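In case you want the letters, here they are:
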Amino acid sequence: MPMLYCRFHLPKQPICKLGDGAVVNFEDRTIIADKEITEKMIKAAKKAKIKVQPQVLMPQTSDGGAMQSGADGAICLSSSVPCRYSHSPVSVMSLDDINSMTEYIRLFLNKIGEMI
């Protein structure tokens, strides 16, 4: 299967990899995440030794797009757990990635006051 590659903010790399941590999205087809807060969160995650994968997920969409455009340009962040076969009867995910996402969300909730 051919790999999809980022075309924007990041060097050429595969979209995401199972086992490499939570995906932190800079943008997808419907959202442009706040660059400053996203970069701060990636830096904080690395400092806390939480595995994250910064990505641009152009082929995908997220619910954040509707929130961003429906709220007069609200600040949005976007993250996800890497998954294969997500729209099939059986999805494949890494428990390590799910744990990374849990830790990333916990970090975000503790840091959000400092970032806005």
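Residues numbered from 1 in each chain as written. Predicted model: local features only at pLDDT ≥ 70, side-chain atom pairs only at ≥ 80, totals over all residues. Heavy atoms only, no water.

(A) Structural detail: the overall build of the protein. In terms of regular secondary structure, the protein is built from three helices and three strands. When the helices and strands of the protein are placed in sequence order, the string is β-α-β-α-β-α. Taken over 116 residues, the protein has a buried fraction of 34%. Looking at the protein alone, contacts between residues at least 24 apart form 73% of all its contacts between residues at least 6 apart. Total accessible area on the protein is roughly 7,600 Å²; 57% of this is exposed by carbon and sulfur atoms. (Helix = DSSP H or I, 4+ residues; strand = E, 2+ residues; numbered from the N terminus. Buried < 20%, exposed > 50% of the residue type's maximum accessible area, 1.4 Å probe, protein only. Contact = heavy atoms within 4.5 Å. Areas by Shrake-Rupley, 256 points an atom, 1.4 Å probe, with all protein chains shown as cover.)

(B) Quick look at the side chain of Ser94. Assignment of secondary structure puts Ser94 in the loop between β3 (78-80) and α3 (95-115). A polar contact is formed between the side chain of Ser94 and the backbone nitrogen of Asp96, at a distance of 3.2 Å. Setting aside residues up to four positions removed in sequence, Ser94 forms contacts with Leu18 and Gly19. (Polar contact = N/O pair within 3.5 Å; in protein donor to acceptor, adjacent residues only side chain to side chain.)

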